[in-house]
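# Remarks on the overall topology
Residues per chain are reported as follows:
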Amino acid sequence: MPGRTHSREFKLDIVNQVERGQKTTAQLSREHHLSPSLIHRWRKEVEARGEAAFTDQARPDQSLEQRIAELERFCGQLSLENTILNKSLVTYRSKIGTK
């Protein structure tokens, strides 16, 4: 069912049941009306984040977005400096008569 939200404990319980071999993904999918791909994503989340899985998921994304914005600003600054230096070089070369 789309639009449902599940608690962290529920997700961990589902993943643990699969990991321990208590039930298959298909069984849990039928019992709880979950997509097998959803259970697979939950398992991947637990593999990737361990104990931090399903906690404050917005925070890592925000810090990554902030880092990306910082790097984009830095690239913009470097590009501007490069343009200024190239124009200065062209002006200098035209004054001394070289290419």
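These numbers come from a predicted model, not from an experiment.

### Quick notes on the overall build of the chain
Each helix and strand in the chain was counted, giving four helices and zero strands. Along the chain, helices (α) and strands (β) appear in the sequence α-α-α-α when read from the amino end. Seen through its principal axes, the chain has C-alpha atoms that stretch 80 × 25 × 25 Å. Across the 99 residues that make up the chain, the buried fraction comes to 14%. Summed over all atoms, the accessible surface of the chain reaches about 7,900 Å², with 54% contributed by carbon and sulfur.

### Describing the packing of helix 1 (residues 8-19) against helix 2 (residues 25-32)
For the pair helix 1 and helix 2, the least separation of the axes is 9 Å and the interaxial angle reads 145°. Helix 2 is crossed by helix 1, and the crossing has right-handed handedness. Counting all contacts with helix 1, which are made through Phe 10, Ile 14, Gln 17 and Val 18, the residues of helix 2 involved are Thr 25, Leu 28 and His 32. Residue composition of the contact of helix 1 with helix 2, grouped by class: four nonpolar, three polar and no charged.

### Let's talk about the environment of Glu 70
Take Glu 70: it is sitting in helix 4 (residues 58-96). We classify Glu 70 as partly exposed; its relative accessible area is 42%.

### Observations concerning the packing of helix 2 against helix 3 (residues 36-49)
The interhelical angle for the contact between helix 2 and helix 3, taken along N-to-C directions, is 115°, at an axis separation of 9 Å. The element helix 2 and its partner helix 3 pack so that their crossing is right-handed. In contact with Thr 25, Leu 28 and Ser 29 of helix 2, helix 3 contributes Pro 36, Ile 39 and Arg 43. Of the residues that constitute the contact of helix 2 with helix 3, the class distribution is three nonpolar, two polar and one charged.

Calculation rules
- Residues numbered from 1 in each chain as written.
- Predicted model: local features only at pLDDT ≥ 70, side-chain atom pairs only at ≥ 80, totals over all residues.
- Heavy atoms only, no water.
- Helix = DSSP H or I, 4+ residues; strand = E, 2+ residues; numbered from the N terminus.
- Buried < 20%, exposed > 50% of the residue type's maximum accessible area, 1.4 Å probe, protein only.
- Areas by Shrake-Rupley, 256 points an atom, 1.4 Å probe, with all protein chains shown as cover.
- Axes fitted to C-alpha atoms, helices over the stretch in contact; angles between N-to-C directions.
- Left-handed = near helix turned anticlockwise from the far one by under 90°.
- Contact = heavy atoms within 4.5 Å.
- Nonpolar A, V, L, I, M, F, W, Y, C, P; charged D, E, K, R; others polar.

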